[in-house]
Amino acid sequence: MKEKLQAIREKAIASIGEAKDLNTLNEVRQELLGKKGELTAVLKGMKDVAPEDRPTVGQWVNEAREFIEGHLAEANKKLQSKALEIRYEAEKIDVTMPADEVKRGNLHPVSLVRNELSDIFTSMGFEVFEGNEIETDYYNFTALNTPDDHPARDMQDTFYLSPEFLLRTQTSSGQIHVMEAKKPPIKIISPGKVFRSDDDATHSPMFSQMEGLVVDKGINLCDLKGILETFLKKLFGDGSKTRLRPSYFPFTEPSVEVDVSCFQCQGKGCKLCKGTGWIEVLGAGVVNKKVLEGCGIDTDEYSGYAFGIGLERIAMLKYGINNIKLLFESDLRVLSQLDD
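Here's a quick rundown of the structure. What you are looking at is a predicted structure, and each value in this text was computed from that prediction instead of being measured.

Considering the packing of helix 5 (residues 109–122) against helix 8 (residues 221–236)
Packing of helix 5 against helix 8 leaves a shortest axis separation of 10 Å and a crossing angle of 135 degrees. With respect to each other, helix 5 and helix 8 are oriented oblique. The handedness of the crossing between helix 5 and helix 8 is right-handed. Together, Glu116, Leu117, Ile120 and Phe121 of helix 5 and Phe231, Lys234 and Leu235 of helix 8 make up the contact between the two elements. Its residues assigned to classes, the contact of helix 5 with helix 8 comprises 5 nonpolar, no polar and 2 charged.

In structure tokens form, the structure reads like this:
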């Protein structure tokens, strides 16, 4: 028995000395002192030792356990110190090294344009109205002087959800809600998403507009031209000039397309303006009397103007983007270059 315990001691010294980390040392502890360990097996065999020899053998076993536990404790202390040194080395920070670059995000170009336009118009006294993306046929078409058989409906490919409900094709529907709920004077902008079944390099099935509406006494086309000139100068620079061309929208009469002098060539003619010196930026007009009367507004006392701006178009012009799909693909190579 004494020789067996001595062999266990020698094995313990060798195994403890070979342990390179705390996990290995714990495995050695279990192998020697665990429930199925070698020294534990000796204790379980004490029942086979003669009664008169048990005190002596028991003392040998206890001495062996104390010997092994002492070596284990010493090795554990050394390995803990070593592990701490390795951890400190791994977590060491050189404060003289340059910091890692943290990439900073920025707003989407359409959001940048929306915020800029909102700031411009609110500085001129406009309030912001958020309309509904799901509209009724009445608010999207009929109330805007577009009856069922009107050819203007063919100008817009509409996503119908039911015979009555649809995804709005224009933010102009918001002006009806405002005029029904509020008496003049009215001065609002209504930004938001609109939807049309249209898809090419300059059109998307979903895009953003900003509707503007002013209703008050004595409003005419000159007031519209003045507000748009001020807006476009703030957006494209003080040297910008504005031009109105006759157009047609069922909810305005007269209706105009609004051009701004090319900010890239200063009106001399270039690729951006297709050699004309002008860039089309929005549609506008004097609110049709039928629209005002349908909202209960006395057209003998009040008149108004409205305009609609495509935010993606402004973003494409401002940031030199030639394909509207780049605004929806979340390509960081594109978005990282756009930050105001």
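Now that the structure has been shown, we can carry on.
Details of the packing of helix 5 against helix 10 (residues 311–319)
It is the contact of helix 5 with helix 10, at a shortest axis distance of 9 Å, that shows an interaxial angle of 100 degrees. Here helix 10 runs roughly perpendicular to helix 5, going by the angle between their axes. Along its contact with helix 5, which presents Pro109, Val110, Leu112, Val113, Arg114, Glu116 and Leu117, the element helix 10 presents Leu311, Glu312, Ile314, Ala315, Lys318 and Tyr319. Partitioned by chemical class, the residues of the contact of helix 5 with helix 10 number 9 nonpolar, no polar and 4 charged.

A short note on the pattern of salt bridges
Within the structure shown, the criterion is met by 11 salt bridges. Between Arg87 and Glu91 there is a salt bridge whose closest N-O contact spans 3.2 Å. For Arg87, a relative accessible area of 49% puts it in the partly exposed group. A salt bridge links Glu130 to Arg114, with the nearest nitrogen and oxygen atoms 2.6 Å apart. Of this pair, Glu130 sits in the loop between strand 1 (127–128) and strand 2 (134–136) while Arg114 sits in helix 5, and the two are 16 residues apart along the sequence. Under the relative-accessibility criterion, Arg114 is labelled partly exposed at 27%.

Some points on the pairing of strand 7 (residues 252–261)
By the criterion of burial, strand 7 is predominantly enclosed, with 8 of the 10 residues buried. Looking at chain direction, strand 6 (residues 242–249) and strand 7 are connected through 7 bridges and run antiparallel. Its bridge partner being in strand 7, Arg245 is matched across the sheet by Glu257. Taking the residues that link successive antiparallel strands as the turn, the strand 6-strand 7 hairpin has 2 residues. Here strand 7 runs beside strand 8 (residues 278–287); their pairing, made up of 8 bridges, is antiparallel. In the sheet register, Ser255 faces strand 8, and the bridge partner there is Gly285.

What to know about the side chain of Glu312
With respect to the secondary-structure elements, Glu312 resides in helix 10. Residues contacting Glu312, with those up to four places away along its chain left out, are Val110, Phe207, Ser208, Ile324, Leu327 and Phe328.

Some words on the packing of aromatic side chains
For the structure shown, the criterion picks out 7 aromatic pairs. Aromatic side chains Tyr138 and Tyr139 sit 5.2 Å apart centroid to centroid with 85 degrees between the ring planes, which places their arrangement in the edge-to-face category. Taking relative accessible area as the criterion, Tyr138 reaches 38% and is therefore assigned partly exposed. With a centroid separation of 6.1 Å and 20 degrees between ring planes, the pair formed by Phe249 and Phe251 is classed as stacked. Members of the aromatic cluster, each reached through a chain of ring pairs, are Phe121, Phe126, Phe231, Tyr305 and Phe307.

Observations concerning the nonpolar core
The biggest cluster of nonpolar side chains holds 42 residues, and the ones touching the most others in it are Phe121, Phe126, Leu228, Phe231, Val281, Leu282 and Phe307. Secondary-structure elements contributing two or more residues to this core are helix 5, strand 5 (206–216), helix 8, strand 7, strand 8, strand 9 (303–310) and helix 10. Looking at this core, the element that brings in the most residues is helix 8, giving 7 residues. Among all residues touching Phe126, those that are not within four sequence positions of it are Phe121, Lys187, Ile188, Ile189, Leu213, Val214, Ile227, Tyr305 and Phe307. Grouped together as the second largest cluster of nonpolar side chains are 19 residues, Tyr139, Ile176, Phe249 and Val291 included.

Digging into the side chain of Ser190
In this structure, Ser190 sits in strand 4 (residues 186–195). Within the local environment of Ser190, its side chain forms a polar contact with the backbone oxygen of Phe129, the two atoms lying 3.0 Å apart. Not counting residues within four places of it along the chain, the set of residues in contact with Ser190 comprises Phe129, Gly131, Thr171, Gln209, Met210 and Glu211.

Rules of the game
Residues numbered from 1 in each chain as written. Predicted model: local features only at pLDDT ≥ 70, side-chain atom pairs only at ≥ 80, totals over all residues. Heavy atoms only, no water. Axes fitted to C-alpha atoms, helices over the stretch in contact; angles between N-to-C directions. Helix = DSSP H or I, 4+ residues; strand = E, 2+ residues; numbered from the N terminus. Parallel < 35°, antiparallel > 145°, perpendicular 65-115°, else oblique. Left-handed = near helix turned anticlockwise from the far one by under 90°. Contact = heavy atoms within 4.5 Å. Nonpolar A, V, L, I, M, F, W, Y, C, P; charged D, E, K, R; others polar. Salt bridge = Lys/Arg side-chain N within 4 Å of Asp/Glu carboxyl O. Buried < 20%, exposed > 50% of the residue type's maximum accessible area, 1.4 Å probe, protein only. Pairing = 2+ DSSP bridges. Phe/Tyr/Trp six-rings, centres within 6.5 Å; stacked < 30°, edge-to-face > 60°. Core = buried A, V, L, I, M, F, W, Y, C linked by side-chain atoms within 4.5 Å. Polar contact = N/O pair within 3.5 Å; in protein donor to acceptor, adjacent residues only side chain to side chain.

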